[in-house]
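For reference, the chains in residue letters:
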Amino acid sequence: MCRSIKTLRPPQLAEEATEEEIRAAALQYVRKVSGFRAPAAHNREAFERAVDAVAEATADLLGSLEVRGQAVRATAD
């Protein structure tokens, strides 16, 4: 779907995903789904809420995954 979104879990990513990496992936996802690279002023709040929600869901997912028997922990809070 979004070629610029990289895998954020081991073994693809050697270290834990940072908050910045998670947010960048969320931004790319919202851009792709919405069709906007940068939303107009009247859509900016909805766009940012979506990025925040996707980033939170991503951090939750990464924090809950178990890879080869060990939990993966994201650093975003």
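Structural data are supplied above this passage.
My aim in this report is to walk through the structure given alongside it, one point at a time.

The rules we used
- Residues numbered from 1 in each chain as written.
- Predicted model: local features only at pLDDT ≥ 70, side-chain atom pairs only at ≥ 80, totals over all residues.
- Heavy atoms only, no water.
- Helix = DSSP H or I, 4+ residues; strand = E, 2+ residues; numbered from the N terminus.
- Contact = heavy atoms within 4.5 Å.
- Areas by Shrake-Rupley, 256 points an atom, 1.4 Å probe, with all protein chains shown as cover.
- Salt bridge = Lys/Arg side-chain N within 4 Å of Asp/Glu carboxyl O.
- Buried < 20%, exposed > 50% of the residue type's maximum accessible area, 1.4 Å probe, protein only.

So, on to the overall build of the chain. Looking only at helices and strands, the chain features two helices and two strands. Counting helices and strands in the order they occur from the N terminus, the chain gives α-α-β-β. Taking the contacts inside the chain whose residues are at least 6 apart along the sequence as the reference set, 55% of them involve residues at least 24 apart. About 5,700 Å² of surface is accessible on the chain, with carbon and sulfur atoms providing 49% of the total.

To continue, consider the environment of tyrosine 29. Structurally, tyrosine 29 is set in helix α1 (residues 19-34). On a C-alpha basis, the gap between tyrosine 29 and isoleucine 5 in space is 7.6 Å, while along the polypeptide they are 24 residues apart.

Time to look at the pattern of salt bridges. Once the charged atoms of two side chains with opposite charge are near each other, the side chains can pair. All chains considered together, the criterion is met by three salt bridges. Two residues, glutamate 48 and arginine 23, come together in a salt bridge whose shortest N-O distance is 2.8 Å. Linking glutamate 48 in helix α2 (residues 44-64) with arginine 23 in helix α1, this pair joins segments that are 25 residues apart in sequence. Across the pair glutamate 45 and arginine 49 runs a salt bridge whose closest N-O atoms are separated by 3.1 Å. Placement of the pair is glutamate 45 and arginine 49 together in helix α2, with a separation of four residues, close to one helical turn. Assigned by exposure class, glutamate 45 and arginine 49 land together as exposed.

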